Each structure stands twice: as C-alpha cells, then as structure tokens.
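Chain by chain, the residues:
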Amino acid sequence: MSPLLKEIRHNPMLWLLAFVPVVFAAAKLRPEAHTLLFVLSVLAIVPLATLLSHATESVAAKTGDAAGGLLNATLGNLTELVIALTALRAGEYMLVKASIAGAIVTNTLFMLGASFLLGGLKHHVQEYNRVTARVQAGLLFLATVALLVPSAIAAADSAEKVAIVQDLSLGLSVLLIVAYALGMLFSLKTHKEFFASAEHANDGEAPWPMGLALATLAGVTVLVALVSEVFVDSVQKAAETFGMSQAFVGFIVVALVGGAAEMASAFSGARKDRLDLSVGIALGSASQIALFVAPVLVLLSYVIGPTPMSLQLWPGAVVMMLIATLTASMVTNSGRSAWFVGVLLLMVYSVFAMTLYLLPPS
C-alpha cells in the first residue's frame, strides 16, 4: 500500500478523493439537490480517474501497451455502460444513443487529439505503431456503416419500417459483437507481433506491484460505477439548470465525464512518450463502444428496457461519427505525430460540440 499512499500524498489532484464519500452522503441526505450532486459527482470522478490511470500504467508496464490500452479501455467503458444502463431502464433512449455516439466521437477526436497535443508539446515528434491505429479505425468504420444503415432505412417511406429497423438492429448487434471478438483474436492472438509498441523513452518511474495495481483497478472501477449512478440521476435536472439539451448532455457531457478515467491514462501516457498506450486507449475504447457496448445495450433493452431499442440515430450523429472515423484514419496513417495534429483533431471536435449546443437535433 505504500506506493499508493505515497502517490496520494504527493499528487494534489488525488486530494479530491475526499469528495467520494461526500457525494455518497449528499445523495443520501439531499437527493433532490440535482445541481449540487452533479458538481460533486464530477469532482469525485476526476481523482478516481487519475488513480485509475496510475494503476493502468503499472499493468501496461508488465503486459505491454497494447494489452494495457485494451485493459484501460475496457475498465473505462464500464462508466459509459453504467450510465447507459441507468438511462436504458428509464426509457431515455435519446440519452443512451447520444451517449454512445458521443463517446465514439469524443474518444476518436478529443481524447486522441488532446493526447497528440499534450505529448507533442513535450516531445518534438512522437512515434507509435500505425498498425494498431489502422485496425481500430477499420473496426470503427465498420461500426459506422452498421449504424448508418438503420438510419437510412428509417428515412424511407414504409409502413413496416419500424419493425424492419428493429429486426435489422438486432441482427446488426450480433454481427458487430462477432466482429469485435474476431478483432480481439486477431490483435491479441494470431497476429499480435504486428501490434508491438513503438520504441519510447524510459520515464524512470518504477511501476506499482502487479497485485496493488490490479486491486486498485478493481476498487476504483467499482467506485467510478457507483459515482456514475449519482451522476446520471442528477445530470438531466442539472442540464436544464445550465440550459443544455438532452442531445448535448449525452453527446458531450456524459461522454467527457464517462471517459475521464481513460483520458487521464491517455494523456499521462502521451506526456511520457508512450503514445502507443494513448492511441490504444482512444481508438480501442471508441471501437469497443461501437462494436460491443452499443450492441449489448440493444440486446439488454429487450430485458430491462420498457421497449426494445434500435440502432437508429439521428442523421447528424451518424455524419459526425463518419467524419470522426475518417479524420482519425487520415491522421494516424503515418505512425508519427506532432502537437499540431492534435490541434486539428480538437478543432473538428469543437465544431461538433458548438453545433450541438447551438442547434440541437429534435
């Protein structure tokens, strides 16, 4: 426990862990104070995300950046999954779909762009394994096509289009899960030699012991999930107070807060010249949400939702996902990065955020 306690003592960001019991106490004593709970839950998730990033880096030091990035993406996406499941049970399908699309775009543009920017400001040029980026971008393109088809059919004039879209969404969900499983088999088993990390500088920091890192990962993940429940219960009322639409909340706010744990790890990895870890987290998380989380939510809607949910999104969301995927494919094709590449990605993301805030879809 000494490395963990030492990290808490020397990192002022981790002092915000005091807000974790505060948010639970406030949720028990003042459940109607939605704006207060919203602010407290955000303040509680930030230090938990920081702690999660340190534990993940320690695991990645032993397992390699490819497996470490996959591990962080999987644990980080539990937050998005908990938020989406809570909204799914309440029948708030617009929030669910907006959070799915938003998480994909946020990870692809904001997380990757900020990683390139932060890493590039410290290191002149950074290198990473472009095979990893190209495979993840290919999986993302597949998912975008799968999400485009139900939206295109829904626009057609047909009396049976609702049933057709629902049946098609069910079949596509199974297909996407199979594609994700085969992608994991390809990258982690049959062709894992292609996904080795690029050479990076040694930052000189000793990783945590594996037992402590895994225990911290498990404990922090549970706390993040519990705090996320408070967050999703308060976010709607708080959004009305701040004048935000449901689409903006799902696409931007939920995606940023839900991905805080992954972003902390990605940004830290980029600053330490471990861009393979950052790219693996950003694109791996986006493809995991598109190919696994979204289909699982469709299947679970038959069990816990008031009605089955389809993969149909509003046209603007599909266009944003397609542009984000193509942009990521172009900028990661060389396997090298500098700070200005990150600026370009962040500019595209800012265009989307501004558009959703000023002109939310109906």
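Quick note: structure is the one above.
A brief look at the structure comes next. (Residues numbered from 1 in each chain as written. Predicted model: local features only at pLDDT ≥ 70, side-chain atom pairs only at ≥ 80, totals over all residues. Heavy atoms only, no water.)

Concerning the overall build of the protein chain
Alright, step 1. Of the regular secondary structure elements, the protein chain holds 13 helices and two strands.
Alright, step 2. Put simply, the protein chain has 362 residues, and 53% of those count as buried.
Alright, step 3. Put simply, 85% of the contacts in the protein chain that link residues at least 6 apart link residues at least 24 apart.
Alright, step 4. Summed over its atoms, the accessible surface of the protein chain is roughly 15500 Å², and 70% of this surface lies on carbon and sulfur atoms. (Helix = DSSP H or I, 4+ residues; strand = E, 2+ residues; numbered from the N terminus. Buried < 20%, exposed > 50% of the residue type's maximum accessible area, 1.4 Å probe, protein only. Contact = heavy atoms within 4.5 Å. Areas by Shrake-Rupley, 256 points an atom, 1.4 Å probe, with all protein chains shown as cover.)

Things to note about the packing of helix α12 (residues 315–331) against helix α13 (residues 339–358)
Alright, step 1. Their axes nearest at 11 Å, the elements α12 and α13 cross at an angle of 175°. Taken as axis vectors, α12 and α13 run roughly antiparallel relative to one another. Here Met 320, Ile 323, Thr 327 and Val 331 of α12 come into contact with α13, specifically with Val 341, Leu 345, Val 348, Phe 352 and Leu 356.
Alright, step 2. Broken down by class, the residue content of the contact of α12 with α13 amounts to eight nonpolar, one polar and no charged. (Axes fitted to C-alpha atoms, helices over the stretch in contact; angles between N-to-C directions. Parallel < 35°, antiparallel > 145°, perpendicular 65-115°, else oblique. Nonpolar A, V, L, I, M, F, W, Y, C, P; charged D, E, K, R; others polar.)

Comments concerning the layout of surface pockets
Alright, step 1. In this structure, the second largest pocket encloses a volume near 180 Å³.
Alright, step 2. Ser 53, His 54, Ala 264, Phe 267 and Ser 268 are, among the 10 residues lining the second largest pocket, the residues nearest its centre.
Alright, step 3. When contributions to the lining of the second largest pocket are tallied by element, the ones reaching two or more residues are α3 (34–63) and α10 (260–271).
Alright, step 4. A per-element tally of the lining of the second largest pocket places α10 first, with four residues.
Alright, step 5. Across the lining of the second largest pocket, the residue classes tally to two nonpolar, five polar and three charged. (1 Å grid on protein atoms, 1.4 Å probe; cavity = no way out; pocket = protein on both sides within 12 Å on 5 of 7 lines; lining within 4 Å. Points joined across faces, edges and corners; volume = space filled by probe spheres on them.)

A word on the environment of Asp 167
Alright, step 1. Mapped onto the elements of the fold, Asp 167 is located in helix α7 (residues 161–190).
Alright, step 2. In the structure, Asp 167 is positioned 143 residues away from Ser 310 in sequence and 8.4 Å away in space, judged by C-alpha atoms.

Regarding helix α11 (residues 275–304)
Since one α-helical turn is 3.6 residues long, residues separated by three or four positions face the same way.
Alright, step 1. The largest bend along α11 measures about 40° and falls at Ile 289.
Alright, step 2. Within α11, 24 of the 30 residues are buried, leaving the element largely enclosed by the surrounding structure. (Bend = angle between axes of the 7 residues up to and from the residue.)

Considering a nonpolar patch on the surface
Alright, step 1. There is a patch of nonpolar side chains on the surface, built from Leu 170, Val 174, Val 178, Leu 182, Leu 185, Leu 299, Tyr 302, Val 303 and Ile 304 and spanning about 750 Å² of accessible area.
Alright, step 2. Of all the secondary structure elements, the ones that give two or more residues to the nonpolar patch are α7 and α11.
Alright, step 3. Relative to the assigned elements, Ile 304 resides in helix α11. (Patch = residues over 30% accessible without salt bridge, like charges linked within 9 Å, V, L, I, M, F, W, Y side chains within 5 Å. Salt bridge = Lys/Arg side-chain N within 4 Å of Asp/Glu carboxyl O.)

So, the side chain of Thr 327
Alright, step 1. Its place among the elements puts Thr 327 in helix α12.
Alright, step 2. Residue classification places Thr 327 among the buried residues on the basis of a relative accessible area of 12%.
Alright, step 3. Among the polar contacts made by the side chain of Thr 327, one reaches the main-chain carbonyl oxygen of Ile 323 at a distance of 2.7 Å.
Alright, step 4. Those residues in contact with Thr 327 that sit more than four places away from it in its chain are Leu 109 and Leu 345. (Polar contact = N/O pair within 3.5 Å; in protein donor to acceptor, adjacent residues only side chain to side chain.)

Observations regarding α7
Alright, step 1. In a regular helix each residue adds 1.5 Å, so 30 residues correspond to 44 Å; α7 covers 41 Å between its end C-alpha atoms and thus fits that length.
Alright, step 2. Where α7 is concerned, the buried positions are Val 165, Gln 166, Ser 169, Leu 172, Ser 173, Leu 176, Ala 179, Tyr 180, Gly 183, Met 184 and Ser 187. (Expected span 1.5 Å × (residues − 1).)

Notes on the environment of Val 165
Alright, step 1. Within the secondary structure layout, Val 165 lies in helix α7.
Alright, step 2. Measuring from C-alpha to C-alpha, the distance between Val 165 and Ile 153 comes to 6.9 Å, with 12 residues separating the pair along the chain.

Section: the nonpolar core
One recurring pattern in soluble globular proteins: nonpolar side chains tend to sit buried together.
Alright, step 1. Core analysis: the largest hydrophobic core is formed by 106 residues, its most contacted members being Val 105, Phe 251 and Leu 297.
Alright, step 2. In this structure, Phe 251 is in contact with Ala 98, Ser 99, Ala 101, Gly 102, Val 105, Thr 106, Trp 314, Ala 317, Met 320 and Leu 356, ignoring residues within four places of it in sequence. (Core = buried A, V, L, I, M, F, W, Y, C linked by side-chain atoms within 4.5 Å.)

Section: the side chain of Thr 106
Alright, step 1. For Thr 106, the location among the structural elements is in helix α5 (residues 93–122).
Alright, step 2. Using a relative accessible area of 0% as the deciding quantity, one classes Thr 106 as buried.
Alright, step 3. At 3.2 Å, the side chain of Thr 106 forms a polar contact with the side chain of Tyr 349.
Alright, step 4. Beyond its immediate stretch of four places on either side in the chain, Thr 106 contacts Met 111, Phe 251, Ala 255, Leu 256, Met 263 and Tyr 349.

Description of the packing of aromatic side chains
Alright, step 1. Counted according to the given criterion, the structure contains seven aromatic pairs.
Alright, step 2. An angle of 35° between the planes, with centres 5.7 Å apart, marks the rings of Tyr 180 and Phe 292 as tilted. Here Tyr 180, found in helix α7, pairs with Phe 292, found in helix α11; they are 112 residues apart in sequence, far enough to count as distant.
Alright, step 3. Residue classification places Tyr 180 among the buried residues on the basis of a relative accessible area of 11%.
Alright, step 4. On the numbers, 5.8 Å between centres and 85° between planes, the contact of Trp 339 with Phe 340 is edge-to-face.
Alright, step 5. Here Trp 339 falls in the partly exposed class, since its relative accessible area comes to 43%. (Phe/Tyr/Trp six-rings, centres within 6.5 Å; stacked < 30°, edge-to-face > 60°.)

These values are about where atoms sit, not about what they do.
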